[in-house]
Amino acid sequence: MPTPPHAFDRPSAALAMSSGAAEALLGPDVLAAFAGVCALQPPPVLDDFSGERARQVLGRAEVLITGWGCPPLDEAALAAAPRLRAVVHTAGSVRGHLTPACWERGIEVSSAAAANALPVAEYTVAMILLSGKHVLERARAFQAARDRADPLSTPRSIGNYRRTVGILSASHVGRRVVELLRPYDIEVLLHDPYVDEAEAAALGVRAVGLDELFRLSDIVSVHTPLLPATHGLVGRRQLAALRPDGVLINTARGAVVDQDALTEAVVAGRIRVVLDVTEPEVLPPGHPLWDCANALLTPHLAGSQGNEWRRLTDVAVSEVARWAAGAGFAHPVRADRVAFLA
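In this text the structure is predicted, and so the values were computed from the model without any measurement.

Some remarks on the UniProt feature "domain: D-isomer specific 2-hydroxyacid dehydrogenase NAD-binding" (unreviewed entry) in the chain
Thinking step 1. When the UniProt feature table is mapped onto this chain numbering, "domain: D-isomer specific 2-hydroxyacid dehydrogenase NAD-binding" (unreviewed entry) sits at residues 133–302.
Thinking step 2. Secondary structure across residues 133–302 comprises 29% helix and 17% strand; the distance between its end C-alpha atoms is 20 Å.

Notes on the pattern of salt bridges
Thinking step 1. Evaluation of the coordinates by the stated rule reveals 16 salt bridges.
Thinking step 2. Put simply, glutamate 52 and arginine 55 hold a salt bridge, and the shortest N to O gap is 3.2 Å. A residue pair is termed a helical-turn pair when its members lie 3 or 4 positions apart in one helix, as glutamate 52 and arginine 55 do in helix H3 (residues 52–60) at three residues.
Thinking step 3. Looking at glutamate 52, the relative accessible area reads 46%, which means it is partly exposed.
Thinking step 4. Arginine 55 gets classed as partly exposed once you look at its relative accessible area, which sits at 41%.
Thinking step 5. The network of salt bridges with shared partners includes Asp29, Arg310 and Asp314.

Quick look at the packing of helix H6 (residues 113–132) against helix H8 (residues 172–181)
Thinking step 1. In contact at an axis separation of 8 Å, H6 and H8 are set at 50° when each is read in the N-to-C sense. It follows from the interaxial angle that H6 and H8 lie oblique. By crossing handedness, the relation of H6 to H8 is classed as right-handed. Listed contacts from H8 to Ala113, Ala114, Ala117, Leu118, Val120, Ala121, Glu122, Thr124, Val125 and Ile128 of H6 are His172, Val173, Arg176, Val177, Leu180 and Leu181.
Thinking step 2. Of the residues in the contact of H6 with H8, the class split is 12 nonpolar, two polar and two charged.

A look at the side chain of threonine 251
Thinking step 1. With respect to the helices and strands, the residue threonine 251 is situated in the loop between strand E10 (247–250) and helix H12 (259–267).
Thinking step 2. If sequence neighbours within four positions are ignored, threonine 251 has contacts with Val120, Tyr123, Thr124, Val222, His223, Asp276, Val277 and Ala302.

Here's the deal with the environment of serine 217
Thinking step 1. Checked against the element boundaries, serine 217 lands in the loop between helix H10 (210–216) and strand E9 (219–222).
Thinking step 2. Relative accessible area serves as the criterion here: at 0%, serine 217 is assigned to the buried category.
Thinking step 3. Considering only alpha carbons, one finds serine 217 and leucine 248, 31 residues apart in sequence, at a separation of 9.7 Å.
Thinking step 4. In this structure serine 217 touches Thr164, Val165, Gly166, Leu189, Leu242 and Arg243, once residues within four positions along its chain are discounted.
Thinking step 5. Only 3.3 Å separates the side chain of serine 217 from the backbone nitrogen of glycine 166, close enough to count as a polar contact.

Overview of the sheet that holds strand E1 (residues 12–16)
Thinking step 1. Within the open sheet, the five strands sit side by side as E2-E1-E3-E4-E5. Their pairing is parallel. Bordering the open sheet on either side are strand E2 (39–40) and strand E5 (108–111), each of which pairs with just one other strand.
Thinking step 2. Sheet topology places E1 next to E2; two bridges connect them, and they run parallel. Bridged to alanine 13 within E2 is leucine 40.

Observations concerning the environment of glycine 92
Thinking step 1. In this structure, glycine 92 sits in the loop between strand E4 (86–89) and helix H5 (100–105).
Thinking step 2. In this structure, glycine 92 is in contact with Ser111 and Ala113, ignoring residues within four places of it in sequence.

Section: the side chain of asparagine 116
Thinking step 1. Positionally, asparagine 116 belongs in helix H6.
Thinking step 2. Here serine 304 takes part through its side chain, which lies 2.7 Å from a polar atom of the side chain of asparagine 116.
Thinking step 3. Once you skip the residues sitting within four places of it in the chain, asparagine 116 turns out to touch Gly303, Ser304 and Leu312.

Side note on unusual backbone geometry
For residues besides glycine, phi is generally negative; the peptide bonds are generally trans as well.
Thinking step 1. The peptide bond linking proline 43 to proline 44 adopts the cis configuration, its omega dihedral lying at 15°.
Thinking step 2. Along the polypeptide, proline 44 turns up in the loop between E2 and H3.
Thinking step 3. Look at the link from glutamate 279 to proline 280: it is a cis peptide, with omega at 5°.
Thinking step 4. Looking at the secondary structure, you find proline 280 in the loop between strand E11 (272–275) and strand E12 (295–297).
Thinking step 5. One non-glycine residue, histidine 134, lies in positive phi territory at about 55°.
Thinking step 6. Relative to the elements of secondary structure, histidine 134 occurs in the loop between H6 and helix H7 (135–145).

Concerning the sheet that holds strand E8 (residues 206–207)
Thinking step 1. The seven strands lie next to each other as E8-E7-E6-E9-E10-E11-E12, forming an open sheet whose pairing is parallel. Pairing within the sheet leaves two strands with one partner each, and these edge strands are E8 and E12.
Thinking step 2. Sheet contacts for H8: strand E6 (163–168) and strand E7 (186–191); angle to E6, the most-contacted strand, approximately 160°.

Procedures and definitions
Residues numbered from 1 in each chain as written. Predicted model: local features only at pLDDT ≥ 70, side-chain atom pairs only at ≥ 80, totals over all residues. Heavy atoms only, no water. UniProt positions renumbered as here; feature names shortened; annotations may be inferred. Helix = DSSP H or I, 4+ residues; strand = E, 2+ residues; numbered from the N terminus. Salt bridge = Lys/Arg side-chain N within 4 Å of Asp/Glu carboxyl O. Buried < 20%, exposed > 50% of the residue type's maximum accessible area, 1.4 Å probe, protein only. Axes fitted to C-alpha atoms, helices over the stretch in contact; angles between N-to-C directions. Parallel < 35°, antiparallel > 145°, perpendicular 65-115°, else oblique. Left-handed = near helix turned anticlockwise from the far one by under 90°. Contact = heavy atoms within 4.5 Å. Nonpolar A, V, L, I, M, F, W, Y, C, P; charged D, E, K, R; others polar. Polar contact = N/O pair within 3.5 Å; in protein donor to acceptor, adjacent residues only side chain to side chain. Pairing = 2+ DSSP bridges.

This is how it looks when you write it as structure tokens:
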């Protein structure tokens, strides 16, 4: 096999993302790490591919290191980047900036989706355990009463022993949640039409139908990507099947769940919800879920934030180094899987 042309020389690389993403992700230590594995063209980062500087930078780039807010890599941008052979994304989804023209050209792509899945999974497991103990509700009652109830009067419905948790989709996050739940006395069910019973058994879960997932679970956690086929996937029938006082956790996309049907079930007091995402992303100020005692809304914070951004850039640096050495990506994004990704 011939030696790849980039096996020994550091490839020329450019940065493309919003200025806000660059400020969050690219501290001096991160830029130094990238400079150690590629010939990094200096900031400012590209947040537009149409200007003269962008054409000059793209014209030299063999690798494009992208992040949130990267402009679309369409035919015009690719025409300005004749040497471009790889894209390394410092976040999860690549659907926002990679176009069919990238795949047609055979550009290799890497994503930090697996790294970004970890904090989402950690958030999910924390919320599963807190919900099982009714921590938020009981904390509010404690604050209001300024005294605790007799712990021996705790209803038998409260607690995490032998809970049943339903995972909707064996995505990066869904699989990580399954892994993190293994030490607990919890039965895990999975619905994913692309996972058969044998693979589910290998994951240590039981494969069930969508309606069955809601009917049998104490807590259902949504991890499916938003695709045409999953828009409104969780509707009135599924929510009605969730047992009284059951919990729905959504860290995926708000539109996967019928927002009106969900609101009705929550306002009626039939179920509890933990929503890191909604539809729309920020609910209107007068929306009933804001003041609903059995709804916890968080501002899309489950994914990588703060010091967790360093995990994403560490993965990206490693991927650039592997590609430059001819080893290929450890976290490739395949063209035939793009339609199923978030």
